[in-house]
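# Residue-level structure breakdown
Residues per chain, in single letters:
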Amino acid sequence: MIAGYEARDFTAPDAQGKVAALYIRATSETGELVVIKAAQFVLAAGTQESTRILLRNIKFLFGLGFTPPALGRYYQGHLSGKIASVRFKGNPKKRIMDSCAIPMAAISGDRFQFTAPFLAAKNLLNTAIWLDNPLYYNPRHRSGAMSFMYLAMLVPILGKKLAPPAIAYSITSGKKTSIGSHLANILRGLPGSLLTLLPYFTGDTASNEKLPGVFLYSPQNHYALHFHAEQVPDTATGWNWPPTAKRFKSVTG
Ligand SMILES: Cc1cc2nc3c(=O)[nH]c(=O)nc-3n(C[C@H](O)[C@H](O)[C@H](O)COP(=O)(O)OP(=O)(O)OC[C@H]3O[C@@H](n4cnc5c(N)ncnc54)[C@H](O)[C@@H]3O)c2cc1C
């Protein structure tokens, strides 16, 4: 393995379409270029970078006589998020979980999803919906453990040690709010407020689950509804970036 180099340009294919060499560039300040010769190359630089390399080396495709229309288009991120709140009636402890904290994986059986035959019959895209923790930053959830997690993520050095920035942000939503109410939640829920999440912070869970894969019991019987949806490329909008104001409006409705 050669580390510290970036695959850049392939030499042009010969009459048989064979590529003989690849230039790699040092990622250090020297930017040194090195030629790699090989009988075969496998391009495995991930979705975006493989595409970027192909676009940079468009000469690969001359043999085809055309550029594949999907090259560089239709990249799909996850279409996922909390779309609604749900509140159940009755005793919250008789809901789906008895323990205070269980990993998301353990409740994967509680995902709501249409069956494959139903999706095919109705020509629908696949979407999964499941219960999730309500928004951490809003102390109305009255969960001491959630408030503890929220406040922990706000503490400058501690927050960074406990979780990577993206996960910390998913918990705080970038807000610093209602500290007093969060402290009240923690005090009301002691000792569970502190003990519930301790195994996750110390990496001490039986199956080594990590944050944020934690699903917390809501004493308010109040949960968020999380969705994860399949999507299809929209060939109608074509390749026009950046989108015009009009086009953008039509996409966002
Ligand atoms: C936030 C996130 C969450 C995800 N969650 C899931 C999940 O839950 N389940 C799932 O199945 N998939 C998930 N995926 C997708 C999954 O990570 C990818 O499908 C998978 O990693 C692709 O593997 P790969 O080997 O093709 O590319 P990569 O894992 O992207 O590896 C490509 C490698 O090539 C290197 N590289 C790039 N360009 C060059 C270059 N020019 N020269 C030299 N080296 C280069 C990169 O540094 C990298 O090491 C997730 C992706 C992201 C970003």
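Right, let's walk through the structure included here. As a convention, each chain's residues are numbered from 1 in the sequence order in which they are written. This being a predicted model, a pLDDT of at least 70 is required before a residue's local features are given, and a value of 80 or more before pairs of side-chain atoms are given or counted; all residues contribute to the totals for chains, interfaces and linings. The side-chain quantities take in all heavy atoms of the structure and omit both hydrogens and water.

### With respect to the sheet that holds strand β2 (residues 21-26)
Filter applied, for reference: DSSP-based pairing: two strands are paired if at least 2 bridges between them are found. We count a stretch as a helix when DSSP gives it H or I for four or more residues in a row; a strand needs E for two or more, and each element gets its number in order from the N terminus. In this analysis, axes come from line fits to C-alpha atoms, helices being fitted only over the stretch in contact, and the angle between any two N-to-C directions falls in the range 0 to 180 degrees.
Pairing within the open sheet is antiparallel, and its three strands lie in the order β1-β2-β3. With one partner strand each, in any of the chains shown, β1 (5-10) and β3 (33-37) form the two edges of the open sheet. Averaged over neighbouring strand pairs, the angle between their axes works out to 35° when direction is ignored. As judged from the five bridges shared by β2 and β3, these two strands associate in the antiparallel manner. By the bridge assignment, Ala 21 is partnered in β3 with Lys 37.

### Quick notes on the site of the ligand
The criterion, for reference: We call a residue near a given molecule or strand whenever any one of its heavy atoms falls within 4 Å of it. Within 3.5 Å is the distance limit for a polar contact, defined as a pair of N or O atoms, with the added protein rule that one can donate a hydrogen and the other accept it, and that residues adjacent in sequence qualify only through two side-chain atoms. Every accessible area reported is derived by Shrake-Rupley at a probe size of 1.4 Å, with residue values counting cover from the shown protein chains alone. All residues other than Ala, Val, Leu, Ile, Met, Phe, Trp, Tyr, Cys, Pro, Asp, Glu, Lys and Arg, Gly among them, are scored as polar; the first ten of these are nonpolar and the last four charged.
The immediate surroundings of the ligand are formed by Tyr 5, Glu 6, Ala 7, Ala 44, Ala 45, Gly 46, Glu 49 and Ile 53. Residue Ala 7 places a main-chain N or O atom 2.7 Å away from a nitrogen atom belonging to the ligand. For the ligand, whose accessible area on its own is 1000 Å², the fraction buried by protein is 26%. If you list the elements that add at least two residues to the shell around the ligand, you get β1 and α1 (46-56). Partitioning the shell around the ligand into residue classes produces five nonpolar, one polar and two charged.

### Examining the pattern of salt bridges
Using the following cut-off: Put simply, a salt bridge is a Lys or Arg side-chain nitrogen that is within 4 Å of an Asp or Glu carboxyl oxygen. Buried residues are those whose accessible area, probed at 1.4 Å on protein chains only, stays under 20% of the maximum for their type, while exposed residues exceed 50% and partly exposed ones sit between those limits.
In total, this model carries three salt bridges according to the counting rule given. Here Arg 25 makes a salt bridge to Glu 6, at a shortest N to O gap of 3.4 Å. Taken together, the residues span a long stretch of sequence, with Arg 25 in strand β2 and Glu 6 in strand β1 at a distance of 19 residues. Judged by relative accessible area, which is 31%, Arg 25 ranks as partly exposed.

### A few points about the pairing of β2
Two elements, β1 and β2, share five bridges in a ladder whose sense is antiparallel. Bridge pairing in β2 links Tyr 5 to Ala 26. The turn linking β2 back onto β3 is made up of six residues, and Gly 31 within it adopts a positive phi angle of 60°.

What is shown is where atoms sit, not what they do.
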